[in-house]
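Notes for the structure review
Listed here are the chains, written in short residue letters.
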Amino acid sequence: MVKDNATPENLAKATTEEIKRINPLIPMKAKVTKIIEETPDVKTFYISKEENGQMVVPFHTAPGQLAMLSLPGVGEAMFSATDAPDHLQLSIKKVGTLTDELHEIVPGQTVGIRGPYGNGFPMDQIKGKNVLFIAGGIGLAPVRTAVRYCVDHRDDFAKLHLVYGSRSPADLVFQYDLFETWPAVRDFQVSVTVDRGDDNWKGNVGFVPAFLEELKPNPDNTVCIICGPPIMIKFTLGILDKLGFTAENVITTLEMRMKCGIGKCGRCNIGSCYICLDGPVFTLAEMKKMPNEY
Amino acid sequence: MKAFPKAKLQEVLKTLASKGTLYVPALVDETHRYYPYRADIQVSLEQNSAISPKEIFFPSTEKIYNFTAYGIDGDYEEILPDRTACVLFGVRSCDMQAILCMDDVFLTRGYIDEYYATRREGATIVALGCSKAGADCFCSSMGLNPVEHEGADAQLYDLGDYYGIQGRTEKGEKVVEALAVAGLLSESSAEVLVPEEFVLQVDSEGIAEKLQAMFEHSLWDQLWRKCINCGTCTYLCPTCHCFDISEKKKNQHCGVKIKCWDSCMFNEYAMMAGGHNPRPSKKEKVRQRFMHKLRYFPERYGKYQCTGCGRCIAKCPVNLEITDVINQVREAKVNG
């Protein structure tokens, strides 16, 4: 499915011809043009750069690719980036020093951004197939990059199905997509669940793995893209296996701490793969060959 | 072979230093490392330097850019080192091999580290063949020839009372030419002195392949026990390339972004926001270090990331020796 990034043959293909002679560590000056409060602890930042008086996308990202966002004086971190015509969207959960600070900023704020980084989802190889998306919590951010691609290229794919869960209705991110945009797309089933409902919640209550088992998606000619908290992934993979999904047809993203984003600083390795360069997207089959250290 | 008398070493160094920056292994305040040559410096070619020349291309700390802080219309100003030529004199085979490992990391695979590249491109490396092996040296076990390294621009050979010199590249030939022009070179037919058998030897053949199946091996359950995660091994290692990127605020509005050596021995190294650490205990950290050197790096770049310089063996406070690890891997039963 995805190219086996770890093999020496593939790594050797990255020859000097592909080398970009720019200083890859210097961020591009960009501006936050819009901030959407998705949930109490998740915000989506629209980021553009100014070019000849117009706000344009800083750089384009393929589905699943990453961008390094920085607040000078605070820090820098890697996030999944969603490509849009004139901006990038970064959906960021408040979890640490940098993200706490990011949640305080207002539109108009200057930030630094560099990228795109990583391999991205193998959308070309999924063409013509059914796609089952599974996400938990903020894991919908990377999955959404693939969903948007499939929606934008609707005729290239067969049936689409998203199974998404969060802790509570208030923690559902991208509700405008979940309940408005995506249900209106042809042959796109959107199944949403929450761990605990509230007075207004009429949808499913329960964890993603159990919900998935109930929904029984058909594995025939279907590729599954799954992102979420490790515990959800762990139990969902068991269900996918039971349903008949092969490891080659299950794709996920891995997360490690990153600093340089260009495969030099060392820390994001899992075995001989650098997640910033060779990842973050891997098939389950590839992951089974990697050391279990993430 | 062209050669110069060892007695004329100072004249040779003066000649080279007159053409540009010359780095030589020297003793200053009892620290043996590479310093820019000065007439009054105590040059020491008797044994390899305690600190490897990696810091010339990859300093322990360097500024990478200035920034003006957010909130106002911030901007970034690149800080690149000067693109000046320099000569490194007396680099041993182990450290030459280490520079090639660093080249792989910083100059290939899609991106060039401009800070490393700027320094590296202007450098001419004059290697020095070893005529005796130190007590902790094991380069021959890691597949290197202590007497010469083909990656060098020019090679010095120990001929007893003379140093023989051969240019290998255009840059290296220029060094030889400069010495010839200064009238320092003569012909010598003396035999190149070579080290006697190494005291420290280890069989590294096939270790990378064997380690592929040993990530979960019980070997790792014991190896880490004496490690104190001090990071000395990684800082002294001529091939360890991990770095951190951090920043320092100069005032409320401006600051500087800094690249500095990091170590897989430290807890913050792989710790993610939110507190998850994929390598939480000493066991995972120690395993990462040895697996990186002996398995991951060979898989990625086709060579061991240990060149047998022996610095980590010499300075490890708890004697956790890589040669011992290699021996244990060799003897280990896979599936055990």
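What you see is a predicted model; the values in this text were computed from it and never measured. (Residues numbered from 1 in each chain as written. Chains lettered and ligands numbered in written order. Predicted model: local features only at pLDDT ≥ 70, side-chain atom pairs only at ≥ 80, totals over all residues. Heavy atoms only, no water.)

This brings us to the domain arrangement of chain B. Residue and element names in this part refer to chain B. Domain boundaries assigned for chain B yield domain 1 (2-60 + 80-187) and domain 2 (207-242 + 264-331). Averaged C-alpha coordinates put domain 1 and domain 2 at centres separated by 28 Å. With 26 residues of domain 1 at the interface, the matching set in domain 2 holds 27 residues. At the boundary of domain 1 with domain 2, the tally comes to 2 salt bridges. With 10 residues, the single largest contributor to the side of domain 1 that touches domain 2 is helix α3 (residues 93-107). (Domains from an automatic or database assignment. Contact = heavy atoms within 4.5 Å. Salt bridge = Lys/Arg side-chain N within 4 Å of Asp/Glu carboxyl O. Helix = DSSP H or I, 4+ residues; strand = E, 2+ residues; numbered from the N terminus.)

Another point: the sheet that holds strand β13 (residues 254-261) of chain B. All names here are of chain B. Taken in spatial order, the 4 strands make up an open sheet running β6-β5-β13-β12, and their pairing is antiparallel. One side of each edge strand has no neighbouring strand; the edge strands of this open sheet are β6 (76-78) and β12 (243-249). Strand-to-strand twist across the sheet, computed as the mean angle between neighbouring axes with direction ignored, equals 25°. Strand direction decides the pairing type here: strand β5 (residues 61-68) and β6, joined by 3 bridges, are antiparallel. Pairing of N66 across the sheet is with E77, part of β6. Against the sheet, helix α4 (residues 114-121) makes contact with β5, β6 and β13, and its axis sits at roughly 130° relative to β5, the strand it touches most. (Pairing = 2+ DSSP bridges. Axes fitted to C-alpha atoms, helices over the stretch in contact; angles between N-to-C directions.)

All names here are of chain A. Following G115, the chain continues to P116 via a peptide bond in cis, the omega torsion being -5°. Among the structural elements, P116 can be located in strand β8 (residues 110-117). One non-glycine residue, N52, lies in the positive phi region at around 50°. Mapped onto the fold, N52 is located in the loop between β2 (42-51) and β3 (54-56). Residue N52 is classed as exposed on the basis of its relative accessible area, which comes to 78%. Backbone geometry at K216 places phi at a positive 45°, although glycine is not the residue there. Along the chain, K216 turns up in the loop between α6 (208-215) and β13 (222-227). (Buried < 20%, exposed > 50% of the residue type's maximum accessible area, 1.4 Å probe, protein only.)

For the rest of this paragraph, the subject is the sheet that holds strand β14 (residues 250-253) of chain A. All names here are of chain A. The strand order β12-β11-β10-β9-β13-β14-β17 describes an open sheet built from 7 strands, whose pairing is mixed. Looking along the sheet, the strands with just one partner apiece sit at the ends: β12 (204-205) and β17 (281-283). Pairing between strand β10 (residues 160-166) and strand β11 (residues 188-194): 7 bridges, direction parallel. Within the sheet, the bridge partner assigned to G165 lies in β11 and is T193. Contacting β9 (130-136), β10, β11 and β12, α6 runs over the sheet at an angle of about 150° to β10.

Another point: the state of the cysteines. Residue and element names in this part refer to chain A. Summed over the entire model, instances satisfying the criterion amount to 0 disulfides over all chains. We note that C150 lacks a disulfide partner, and the nearest cysteine sulfur, in C224, lies 12 Å from it. Here C273 is not disulfide-linked; the sulfur of C268 is the nearest cysteine sulfur, at 9.7 Å. Taking the relative accessible area as the measure of exposure, C273 reaches 2% and is therefore buried. (Disulfide = S-S within 2.5 Å.)

Right, let's get into the packing of aromatic side chains. Inspection of the entire model under this criterion finds 16 aromatic pairs over all chains. Between A:F133 and A:F188, the ring centres sit 6.4 Å apart and the planes meet at 55°, which makes this aromatic pair tilted. With A:F133 in strand β9 and A:F188 in strand β11, the pair connects residues that are 55 residues apart, well separated along the chain. Taken as a pair, A:F133 and A:F188 share a single burial class, namely buried. Taken together, B:F57, B:F58, B:F106, B:Y116, B:Y235, B:F243, B:W261 and B:F266 form an aromatic cluster joined through their ring pairs. For A:R144, the ring lying beneath its charged end belongs to A:F174, and the centroid distance is 4.2 Å. The ring of B:Y163 is capped by B:K6, whose NZ or CZ atom sits 5.0 Å from the centre of that ring. (Phe/Tyr/Trp six-rings, centres within 6.5 Å; stacked < 30°, edge-to-face > 60°. Lys NZ or Arg CZ within 6 Å of the ring centre and 35° of its normal.)

Time to look at the domain arrangement of chain A. Residues and elements named next belong to chain A. Entries for chain A in the domain assignment read domain 1 (26-117) and domain 2 (123-289). Relative to domain 2, the C-alpha centre of domain 1 lies at a distance of 22 Å. With 23 residues of domain 1 in contact, the opposing surface of domain 2 contributes 25 residues. Regarding the contact of domain 1 and domain 2, the summed buried area is about 1800 Å², with carbon and sulfur atoms giving 59% of it. The interface formed by domain 1 and domain 2 contains 1 salt bridge. A salt bridge links R167 to D41; its shortest N-O distance comes to 3.5 Å. Between domain 1 and domain 2 we count 7 residue pairs in polar contact (both at pLDDT 80 or more) in total. (Buried area = accessible area lost by both parts, 1.4 Å probe. Polar contact = N/O pair within 3.5 Å; in protein donor to acceptor, adjacent residues only side chain to side chain.)

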